[in-house]
Amino acid sequence: MIVKFKDGTKREIADLRNADLRNANLHNADLRNADLSNADLRNANLRNADLDFSCFPLWCGSFDMKTDIEFVKQILYHVSRLDFDDSEGIKDAIREFANTASVKQRHNLPNL
């Protein structure tokens, strides 16, 4: 699928909606902007994969996928930017890790 971005550039991106990627080796895969809606990623290897601007599935199909620490830090950074009642101190608990996410430096995002 070819997508035109706001800056006028065009790029081919992966349309992986509903894909059965169980146990797939996606190590180092370029999945920027990929649509992973409803993709089954159980036990898939996504270590060092570039998932920037992708659509990450938040259902059991992403359980047990293998990833690297940078992906975890990116998810934590995103969680820290959500607006929710944080009376349990979740943001404080993850702030140190979230602030070291490489996506923060790459996109010049603020410290939390």
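See above for the structure.
Model, not experiment: these values are computed from the prediction.

Enquirer: Sorry, what's going on with the nonpolar core here?
Expert: For soluble globular proteins, the rule of thumb is that nonpolar side chains tend to be buried together. One finds L21, L26, L31, L36, L41 and L46 to be the most contacted residues of the largest nonpolar core, which totals 16 residues. Excluding anything up to four places from it in sequence, L36 contacts L16, L21, L51, S54, C55 and P57. Of all hydrophobic cores here, the second largest spans six residues; its members include L76, Y77, I94 and V103.

Enquirer: Sorry if this is basic, but what is going on with the environment of R32 here?
Expert: In this structure, R32 sits in the loop between β2 (10-12) and α1 (69-80). When the C-alpha positions of R32 and L51 are compared, they lie 4.9 Å apart, and in sequence the two are 19 residues distant. Leave out the neighbours within four places in its chain, and R32 touches R11, I13, D50 and D52. At 2.6 Å, the side chain of R32 and the side chain of D30 are in polar contact.

Conventions adopted
Per chain, residue numbering runs from 1 following the sequence as it is written. Under the rules for a predicted model, residues below a pLDDT of 70 receive no local features and side-chain atom pairs below 80 are neither given nor counted, while totals for whole chains, interfaces and linings still include all residues. The basis for the side-chain values is all heavy atoms of the structure; hydrogens and waters are excluded. Put simply, buried Ala, Val, Leu, Ile, Met, Phe, Trp, Tyr and Cys residues joined by side-chain atoms within 4.5 Å make one nonpolar core. We call a residue buried when its accessible area falls under 20% of the maximum for its residue type, exposed when it is over 50%, and partly exposed in between, using a 1.4 Å probe and counting protein chains only. Only heavy atoms matter for contacts: two residues are in contact if any of them lie within 4.5 Å across the pair. Comment: elements are numbered from the N terminus, with helices defined as DSSP H or I runs of at least four residues and strands as E runs of at least two. Polar contact is defined as a pair of N or O atoms within 3.5 Å, subject to the rule that within protein one atom must be able to donate a hydrogen and the other to accept it, and that residues adjacent in sequence are counted only when both atoms are side-chain atoms.

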